Amino acid sequence: MGSDSPFITPITVFALGGISPLSQINRIKEGLAVLEGITLTDHFGNADVVYCNDMGTYEEALEAKEDGRLKDGAKLVFNVLDIPEALFPPLGDFTHDKLINLRDSLVRADAITTISPFVKGQLQRLMALQSTIIYQPIKDISPEKRINGERPYPFKVLLAGRTRDKNKRQDSIGIPALIMSGFNEDEVAVVGGEYPGWGTDLGIVSDSVLNDLYNSVDFLMHPSALEGLGIPPLEAMVCGAIPILCYDQSTFADISHYPLYWGCYPSPTSVAYRLRALIDNPGILIAEKEYCLQQSQPIMDQFGKVAVAERIVKVCRKVLEG
């Protein structure tokens, strides 16, 4: 092998994660599959590294290690999506039970990864644990239709994801702001299978339909508070839609692609003012859409499935090298 093709030690990876329309594990596997020197397996006994993308899979991996199903020298890499601090009861049950159990699982891993600077900070602040940021992959989407002037759907606003989750604040901020701004329900599409009671419910949609929705709407309403990362705003920007965000979103300051002035005060009135300022000033609206499109490639380069897979593999190689 020539000097231009250095030998890469092969690694076999068993990647585990929750299977749901909102899970990223399949995209992570697709990213891993195209990397040189990486082989995917569905068996613990074949794996050099077991990568667990969420806490629901830690126990399965730890049991495989304890009962000898892992081969000698195999390593465990546990990823943390977030720690739901907003759901903590008063100091007591979670602190002395679930939080401790989570830490006990994490310290048995050979490496810990997290999906944003905020989650990395959670681990350090709550558990005194260090981690490596890998992010999570956005969907395979394209701004081609918007660039070509196509608008597959008539909707102006999109609500996506777990819209009934109180931390997403669609019921307390997003929907009231849309009503105050003058939007009608038939102008607002809701996807993700958690209909909040207002807007046009499309349920769970395919990636191609979601791509077309991102390319059609002017705005993605995303007034969330607690976020591990927040993938829909990034996907919206790739397709030229403007995410409507609040400054107190936990990852707002983590994403360099978000201008600071995008951060609304977390109230329906502040968000409504932001919407009306854009609607009533078409030149500004066009300029902000163009800014989003300018960020398309940088966002895809940072949060695409191959980029995330490369960061995971870097962690895997480090733990295997000791």
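Here the structure is a predicted model, which means the values were calculated and not measured.

Draft legend 1. Inspection of the overall build of the protein at higher detail. Helix and strand counts for the protein stand at 12 helices and 12 strands. Taking 322 residues into account, the globule formula puts the C-alpha radius of gyration at 20 Å, and the protein, at 21 Å, falls close to it. Judged by the C-alpha coordinates and their principal axes, the protein covers about 65 × 60 × 30 Å. Taking contacts inside the protein between residues at least 6 apart in sequence as the whole, the part at least 24 apart equals 70%. When the accessible surface of the protein is summed, it comes to about 14700 Å², and 53% of that surface belongs to carbon and sulfur atoms. Counting 29 positive and 41 negative side-chain charges, the protein places the centres of these two groups 2 Å from one another.

Draft legend 2. Focus on the packing of helix α9 (residues 268-279) against helix α10 (residues 282-294). Put simply, α9 and α10 touch, their axes get as near as 6 Å, and they point 100 degrees apart. With respect to their mutual orientation, α9 and α10 come out roughly perpendicular. Contacts from R274, L278 and I279 of α9 reach α10 at P282, I284, L285 and E288. When the residues that make up the contact of α9 with α10 are grouped by side-chain class, the tally is 5 nonpolar, no polar and 2 charged.

Draft legend 3. Structural view of the sheet that holds strand β9 (residues 200-203). Taken together, 6 strands build an open sheet; the order of strands is β9-β8-β7-β10-β11-β12 and the sheet is parallel. A single partner strand is all that each edge strand has here, and the edge strands are β9 and β12 (263-264). Strand direction decides the pairing type here: strand β7 (residues 157-160) and strand β8 (residues 188-191), joined by 4 bridges, are parallel. Its bridge partner lying in β8, L158 is registered against A189. Here α9 sits on the sheet and contacts β10 (219-221), β11 (242-246) and β12; the angle it forms with β11, its principal contact strand, is near 155 degrees.

Draft legend 4. Layout of the packing of aromatic side chains. Evaluation of the coordinates by the stated rule reveals 9 aromatic pairs. Between the aromatic rings of Y135 and F303, the centroid separation amounts to 5.0 Å while the plane-to-plane angle is 80 degrees, which identifies the pairing as edge-to-face. You can see Y135 sitting in the loop between β6 (132-133) and α5 (144-147) and its partner F303 sitting in helix α11 (residues 296-303), a full 168 residues away along the chain. For Y135, a relative accessible area of 13% translates into the label buried. Ring geometry for W262 versus Y291: centroids 5.8 Å apart, planes at 85 degrees, classification edge-to-face. With W262 in the loop between β11 and β12 and Y291 in helix α10, this pair connects stretches of sequence that are 29 residues apart. Using a relative accessible area of 0% as the deciding quantity, one classes W262 as buried. On the accessibility criterion, Y291 (22% relative accessible area) is partly exposed. These aromatic residues form a ring-pair network of at least three members: F252, Y258, W262 and Y291.

Draft legend 5. The packing of helix α6 (residues 170-181) against α9, seen in detail. The contact between α6 and α9 brings their axes to 8 Å, and the two run at 50 degrees. Here α6 lies oblique to α9, going by the angle between them. With respect to the hand of their crossing, α6 and α9 are arranged in right-handed fashion. Along the contact surface, α6 presents S172, I173, P176, A177, L178, M180 and S181, while α9 presents P268, T269, V271, A272, L275 and R276. Here the contact of α6 with α9 is built from residues that sort into 9 nonpolar, 3 polar and 1 charged.

Draft legend 6. Quick look at the pattern of salt bridges. This model, assessed by the stated rule, comprises 15 salt bridges. Across the pair R162 and D165 runs a salt bridge, and its minimum N-O distance is 3.4 Å. You can call R162 partly exposed: its relative accessible area is 37%. According to the relative accessible area criterion, D165 is partly exposed, its value standing at 21%. E288 is the salt-bridge partner of R274, the closest N and O atoms lying 2.9 Å from each other. Residue R274 is found in helix α9, and its partner E288 is found in helix α10; the two are separated by 14 residues along the sequence.

Analysis parameters
- Residues numbered from 1 in each chain as written.
- Predicted model: local features only at pLDDT ≥ 70, side-chain atom pairs only at ≥ 80, totals over all residues.
- Heavy atoms only, no water.
- Helix = DSSP H or I, 4+ residues; strand = E, 2+ residues; numbered from the N terminus.
- Rg over C-alpha atoms; globule rule 2.2 N^0.38 Å.
- Contact = heavy atoms within 4.5 Å.
- Areas by Shrake-Rupley, 256 points an atom, 1.4 Å probe, with all protein chains shown as cover.
- Lys, Arg positive; Asp, Glu negative; His and termini not counted.
- Charge placed at Lys NZ, Arg CZ, Asp CG, Glu CD.
- Axes fitted to C-alpha atoms, helices over the stretch in contact; angles between N-to-C directions.
- Parallel < 35°, antiparallel > 145°, perpendicular 65-115°, else oblique.
- Nonpolar A, V, L, I, M, F, W, Y, C, P; charged D, E, K, R; others polar.
- Pairing = 2+ DSSP bridges.
- Phe/Tyr/Trp six-rings, centres within 6.5 Å; stacked < 30°, edge-to-face > 60°.
- Buried < 20%, exposed > 50% of the residue type's maximum accessible area, 1.4 Å probe, protein only.
- Left-handed = near helix turned anticlockwise from the far one by under 90°.
- Salt bridge = Lys/Arg side-chain N within 4 Å of Asp/Glu carboxyl O.

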